[in-house]
Structure formats: structure tokens, C-alpha cells
Amino acid sequence: ILPQVTLVRHGLLRVVCPEVLGEIGDMPPPESDHRLNQLLKPDAESGEMNPRAEIWFLLRHVLSEKDIEQILCGEDKLDVQAWEAGSQYDGYTKESQAVRWFWEVVSSFDAEDQRQLLEFCHGSSALPPLGFADISFTLRRAGGDAARLPEAHTCEFSLDLPEYPS
């Protein structure tokens with residue numbers, strides 16, 4: 001068994017160890033990974049390369065290690081201003097006191113706390129490749145008791161925020 005790291009669930013995309021890759025720029029030998037070998041085979045009917053083979057090409061020839069890390073893990077620090085600028089409000093306005101306090105607190109968080117908040121609201125601490133431009137966050141006024149805690153809805157990337165008095 002060859003050493004490898006699975007990057008995508010179910011092993012559809014793998015990075016194999018350098019010894020297996022051979023010379024820089026070479027495709028791995030066919031015996032290195034049966035699944036990868038299958039991906040790189042042209043389609044029997046059309047003769048076209050399997051679209052997933054493009055992933056291998058990108059990993060080997062186009063993307064740097066930093067690019068791959070950014071795609072898989074996201075940015076090191078979130079752009080809170082971009083997050084705020086692209087946000088929508090339901091029951092609040094941008095000028096509402098609770099909204100101003102919310103963004104003040106988020107801006108004061110360190111990178112780890114910001115990621116935890118993003119994960120709480122979005123279900124993932126990583127953003128799409130275009131960041132907050134690709135997704136829309138909704139900050140919604142939560143009705144009822146101001147003693148309630150905020151409630152997140154990860155499917156719609158929203159947060160129900162009670163109107164706290166202070």
C-alpha cells in the first residue's frame with residue numbers, strides 16, 4: 001500500500017507521496033493508484049479525457065501548495081468588512097444597535113474565534129473560493145425573550161440574534 005493523503009471524501013482525489021510520482025512533471029506510474037489510473041483513462045466512446053483528470057493536472061502543474069491550502073482550508077483571517085458589507089438584515093437594519101454591537105464584537109475576535117463563529121453560522125469554517133462574495137449572510141431579529149442565545153441556521157447561513165438591551 002502506497003502512502004497517500006485523501007483530500008476528498010471517498011478517495012476520489014488523492015495526493016501520493018513524491019517517491020511514487022517519479023520525476024517532476026511526470027504522471028504517476030499506472031500501478032501507483034488504481035483509481036487515479038482510471039480517472040486518467042480517456043473515455044472509451046468519445047476519446048476525451050475524464051474531467052476529473054483536470055484536477056490532477058491542476059494539482060501538479062497550475063496550483064501552488066498555498067493555493068491548494070487556501071481552497072481546502074480557506075483564508076487565515078476572515079475579512080469581517082466583506083462579511084458585513086455582503087450581509088442582509090431581517091427585522092434589523094444596518095444601523096440597529098444590536099447589529100452595530102454584533103459587528104463590533106466580531107471585529108474584536110481573533111482569527112480563531114471568527115472562524116468558530118463562521119462555522120457556527122455556516123456549518124464550515126472555510127469559505128467558497130470567492131469568499132463572502134459567493135455567499136449571503138442574514139442577521140435576523142429573534143423574537144421573544146432577550147435572555148435567549150443566538151440561534152444559527154447553517155443551511156441558509158443565517159443567525160437569529162435577540163435584541164439585547166446592552
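Residues numbered from 1 in each chain as written. Predicted model: local features only at pLDDT ≥ 70, side-chain atom pairs only at ≥ 80, totals over all residues. Heavy atoms only, no water.

Turning next to the overall build of the protein chain. From N to C terminus, the protein chain includes seven helices and six strands. For the protein chain, the N- to C-terminal ordering of α and β elements is β-β-α-α-α-α-α-β-α-α-β-β-β. Pairs at least 24 residues apart make up 46% of the contacts formed inside the protein chain by residues separated by at least 6 positions. (Helix = DSSP H or I, 4+ residues; strand = E, 2+ residues; numbered from the N terminus. Contact = heavy atoms within 4.5 Å.)

This structure, assessed with the given rule, holds eight aromatic pairs. Measuring from ring centre to ring centre gives 4.8 Å for Phe-102 and Trp-103, while their planes differ by 80 degrees; the resulting arrangement is edge-to-face. With a relative accessible area of 10%, Phe-102 lands in the buried category. For the ring pair Trp-103 and Phe-137, a centre distance of 6.1 Å and an interplane angle of 75 degrees mean the geometry is edge-to-face. Taken as a pair, Trp-103 in helix H6 (residues 97-108) and Phe-137 in the loop between helix H7 (111-122) and strand E4 (138-142) lie far apart in primary sequence, 34 residues in all. Its relative accessible area of 1% is what places Phe-137 among the buried residues. (Phe/Tyr/Trp six-rings, centres within 6.5 Å; stacked < 30°, edge-to-face > 60°. Buried < 20%, exposed > 50% of the residue type's maximum accessible area, 1.4 Å probe, protein only.)

Moving on to unusual backbone geometry. A negative phi holds for most residues other than glycine; trans holds for most peptide bonds. Despite not being glycine, Phe-157 has its phi angle at roughly 50 degrees, a positive value. Examined against the element boundaries, Phe-157 turns out to sit in the loop between strand E5 (151-153) and strand E6 (158-162).

Moving on to the pattern of salt bridges. Note that side chains of opposite charge can pair when their charged atoms are close. Scanning the entire structure with this criterion turns up five salt bridges. Of the charged contacts, one joins Asp-90 and Arg-140 as a salt bridge, the two residues approaching to 3.4 Å between their closest N and O atoms. You can see Asp-90 sitting in strand E3 (residues 88-90) and its partner Arg-140 sitting in strand E4, a full 50 residues away along the chain. (Salt bridge = Lys/Arg side-chain N within 4 Å of Asp/Glu carboxyl O.)

Ranked by internal contacts, the top residues of the largest apolar core, which has 20 residues, are Trp-83, Phe-102, Trp-103, Phe-137 and Phe-157. Those elements giving two or more residues to this core turn out to be helix H5 (80-85), H6, H7 and E6. In terms of residue count, the dominant contributor to this core is H6 (five residues). Beyond its immediate chain neighbours, meaning those up to four positions away, Trp-83 contacts Leu-78, Trp-103, Val-106, Gln-114, Leu-117, Leu-118, Phe-132, Phe-137 and Phe-157. (Core = buried A, V, L, I, M, F, W, Y, C linked by side-chain atoms within 4.5 Å.)

So, about the sheet that holds E4. Spatial ordering of the open sheet is given by E3-E4-E6-E5, a layout of four strands whose pairing is mixed. If you trace the sheet from one side to the other, it starts and ends with E3 and E5, each paired once. Averaged over neighbouring strand pairs, the angle between their axes works out to 25 degrees when direction is ignored. The pairing of E3 with E4 spans three bridges and is classified as parallel. (Pairing = 2+ DSSP bridges. Axes fitted to C-alpha atoms, helices over the stretch in contact; angles between N-to-C directions.)

Looking now at the confidence of the model for the protein chain. When the pLDDT values of the protein chain are averaged, the result is 75; 58% of them are 70 or greater. Low confidence marks residues 1-32, where pLDDT is under 50. Its contacts with residues over four positions away, or in another chain, come to 50 contacts. (pLDDT = per-residue confidence, 0-100.)

This part covers the environment of Ala-98. Checked against the element boundaries, Ala-98 lands in helix H6. Separated by 64 residues in the primary sequence, Ala-98 and Pro-162 have C-alpha atoms spaced 8.1 Å apart. Non-local contacts of Ala-98, meaning those with residues more than four positions away in its chain, are made with Tyr-92 and Leu-161.

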